[in-house]
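Residue-level structural notes
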Amino acid sequence: MEQGNVSSGQLTFMYHQIYQAQMNAITVTDAIVVTSTALFFSFLNGIMFFILWSKPNFRENSRYILFAHMLFNDSVTLISILVLYLLALAYIHLARAVCAILILITVISTNNSSLNLAVISLERYVAICFPLHHAEIATKRRTKIAIGVTWLISSINFTIDMFYMIVTDPLSFTTPIICTRQQIFIDKWQIALEQWLSIFFLVVVAVTIIYTYIGITLAAKSARTNKDSAKRARNTVLLHLIQLGLCLTSFVHASVEALISGTDASVYVHLQLFIFLTFVILPRCLSPLIYGLRDNAIRPLFLRYFQCNHSTVKPVLITH
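Described in the following lines is the structure provided in the data block. In this text, all values refer to a predicted model and were calculated from it rather than measured experimentally.

So, the packing of helix H4 (residues 96-129) against helix H6 (residues 140-168)
- Put simply, H4 and H6 touch, their axes get as near as 8 Å, and they point 145 degrees apart. In this structure, H4 crosses over H6, and the sense of that crossing is right-handed. Contacts from Arg96, Ala100, Ile103, Leu104, Val107, Ile108, Asn111, Asn112, Leu115 and Val119 in H4 reach Ala146, Thr150, Trp151, Ile153, Ser154, Ser155, Phe158, Met162 and Met165 in H6.
- When its residues are assigned to classes, the contact of H4 with H6 shows 13 nonpolar, five polar and one charged.

Structure, rendered in structure tokens:
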């Protein structure tokens, strides 16, 4: 072989280096896309949350307290999912205890998303079907208690996992791991428990939303009900049902990834990004679009703040 020729081993190594460089470029691109998407919608949530927090009339209204909680919860979910995604993309190992904290935040906020839809639907149901008693039933204090209960219910499953791990294998908390939900599991029954509890919560939420939708629809036909308010509430609850359906997509995320795992590596990476954005990120990005921009009291304020034109913002009358 002549000196100027390249051996087959060297050629293979060169191809491997080129392929690795391409995959690294794809990984960086994916990280930029996911990060920019999550941060952009978190920014929108932040603007709306600031609007709700800065106006006393919003802070005293149960409807907007629940909406502010939804914005906060969705932002926490987006940021925690983003952190876990970037850690997995970079193959960074964390101590199991640190990973458990990140997973705790993600799991609770994710579970809370569907429960919050049920609470908002119930509030709209009371506002339309029992307008004379709405102020008495949906008080600021009771609204905050309802929010606290949703966080408590959302944390039950993961609290059981953590308690079981502390009892059975406390030394494992110092073990470095790739931070995923599956790494927290020790026994198979934990996986089954999580799946059954998730299905149970979603069924309860779905039944609640459907019940409130039917109740509001029937109330809209009543002569004593404000037709416009009933129609807006019915559309809101219907959107809750659609959003719940989007929340269900997170359950098929792993299954879809398994189906495409046999494809070419470069194609798989692109498909994985699309699936992650569609099934995981997108359902958590819809709150400001579904609720905030549809609300006549929030929309003008949001557009003013988004355009950094605070001085021309005018107070808006809030109606139930």
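Some words on the state of the cysteines
- Taken as a whole and assessed by the stated rule, the structure comprises one disulfide.
- The disulfide that involves cysteine 99 links it to cysteine 179, with 2.2 Å between the sulfurs. Taking the sign of the torsion about the S-S bond as the criterion, the disulfide between cysteine 99 and cysteine 179, at about 95 degrees, is right-handed. With a gap of 80 residues between them, cysteine 99 in helix H4 and cysteine 179 in the loop between strand E2 (176-178) and helix H7 (188-220) connect regions that are remote in the sequence. Here the two residues cysteine 99 and cysteine 179 agree in accessibility, since each one is buried.

Observations regarding the packing of aromatic side chains
- This structure, assessed with the given rule, holds seven aromatic pairs.
- Among the aromatic residues, those joined into a ring-pair cluster are Phe49, Trp53 and Phe72.

Considerations on the pattern of salt bridges
- All chains considered together, the criterion is met by two salt bridges.
- Glutamate 60 is paired through a salt bridge with lysine 140; the nearest N and O atoms lie 3.2 Å apart. In this pair, glutamate 60 sits in the loop between helix H2 (56-59) and helix H3 (62-89) while lysine 140 sits in helix H6, placing the two residues 80 residues apart along the sequence.
- When its relative accessible area of 30% is taken as the criterion, lysine 140 is described as partly exposed.
- For arginine 124, the salt bridge is made with glutamate 123, and the minimal N-O distance between the two is 2.8 Å.
- What makes glutamate 123 buried here is its relative accessible area of 6%.

Topic: a nonpolar patch on the surface
- Taken together, the side chains of Ile210, Ile214, Leu218, Leu238, Leu241 and Ile242 define a hydrophobic patch exposed on the protein surface, amounting to about 520 Å² of accessible area.
- Put simply, the parts of the chain that give the nonpolar patch at least two residues each are H7 and helix H8 (227-260).
- In this structure, isoleucine 242 sits in helix H8.

Quick look at the side chain of threonine 208
- Considering the arrangement of structural elements, one finds threonine 208 in helix H7.
- Polar side-chain contacts of threonine 208 include one of 2.8 Å to the backbone oxygen of valine 204.
- Setting aside anything within four residues of it in sequence, one finds threonine 208 in contact with Ala118 and Leu122.

Focus on the packing of H6 against H7
- Interaxial distance between H6 and H7 falls to 10 Å at its minimum, and their mutual angle equals 175 degrees. Our classification of the angle between H6 and H7 gives roughly antiparallel. Contact with H6, carried on its side by Ile153, Asn157, Ile160, Asp161 and Tyr164, involves Trp189, Gln190, Leu193, Glu194, Leu197 and Phe201 of H7 and no other residues of that element.
- Residues belonging to the contact of H6 with H7 are distributed by class as follows: seven nonpolar, two polar and two charged.

Describing the nonpolar core
- Ranked by size, the top nonpolar core spans 52 residues in total, and within it Leu52 and Phe58 carry the most contacts.
- Looking at this core, the elements that each hand over two or more residues are helix H1 (8-54), H3, H4, H7, H8, helix H9 (265-281), helix H10 (287-292) and helix H11 (299-306).
- Per-element tally for this core: the top contributor is H3, with eleven residues.
- Ranked by size, the runner-up nonpolar core spans 14 residues in total, among them Leu84, Leu94, Phe173 and Cys179.

Parameters at a glance
Counting restarts for each chain, with residues numbered from 1 along the sequence as it is written. The predicted origin of the model limits local features to residues at a pLDDT of at least 70 and limits the giving and counting of side-chain atom pairs to 80 or more, whereas totals for whole chains, interfaces and linings rest on all residues. Derived side-chain values reflect all non-hydrogen atoms in the structure, with water molecules and hydrogen atoms excluded from consideration. In this description, a line fitted to the C-alpha atoms serves as the axis of each element, helices being fitted only across the stretch in contact, and the angle between N-to-C directions of two axes falls anywhere from 0 to 180 degrees. By the criteria applied, helices consist of DSSP H or I runs no shorter than four residues and strands consist of E runs no shorter than two, each listed in order from the N terminus. Take the far helix as the reference: if the near one is turned anticlockwise from it by less than a right angle, the crossing is left-handed, and if turned clockwise, right-handed. Every residue pair with non-hydrogen atoms within 4.5 Å of one another is taken to be in contact. When residue character is reported, Ala, Val, Leu, Ile, Met, Phe, Trp, Tyr, Cys and Pro are called nonpolar, Asp, Glu, Lys and Arg charged, and the others, Gly included, polar. Disulfide: a pair of cysteine sulfur atoms within 2.5 Å of each other. We call a residue buried when its accessible area falls under 20% of the maximum for its residue type, exposed when it is over 50%, and partly exposed in between, using a 1.4 Å probe and counting protein chains only. Working definition: a ring pair exists when centres of Phe, Tyr or Trp rings (six-membered ring for Trp) sit within 6.5 Å. Plane angles under 30 degrees give stacked, over 60 give edge-to-face, the rest tilted. A pairing counts as a salt bridge when a side-chain nitrogen of Lys or Arg comes within 4 Å of a carboxyl oxygen of Asp or Glu. Two distance rules govern patches: like charges are joined within 9 Å, and nonpolar side chains (Val, Leu, Ile, Met, Phe, Trp, Tyr) within 5 Å, applied only to residues with over 30% relative accessible area and no salt bridge. For the accessible areas, the method is Shrake-Rupley and the probe is 1.4 Å, while residue cover comes only from the protein chains on display. N or O atoms within 3.5 Å of each other form a polar contact, as long as, within protein, one can give a hydrogen and the other can take it, and as long as residues adjacent in sequence are counted only when both atoms are side-chain atoms. Each angle gets one of four labels, with under 35 degrees taken as roughly parallel, over 145 as roughly antiparallel, 65 to 115 as roughly perpendicular, and the rest as oblique. For this analysis, a nonpolar core means a set of buried residues of the types Ala, Val, Leu, Ile, Met, Phe, Trp, Tyr and Cys, connected via side-chain atoms within 4.5 Å.

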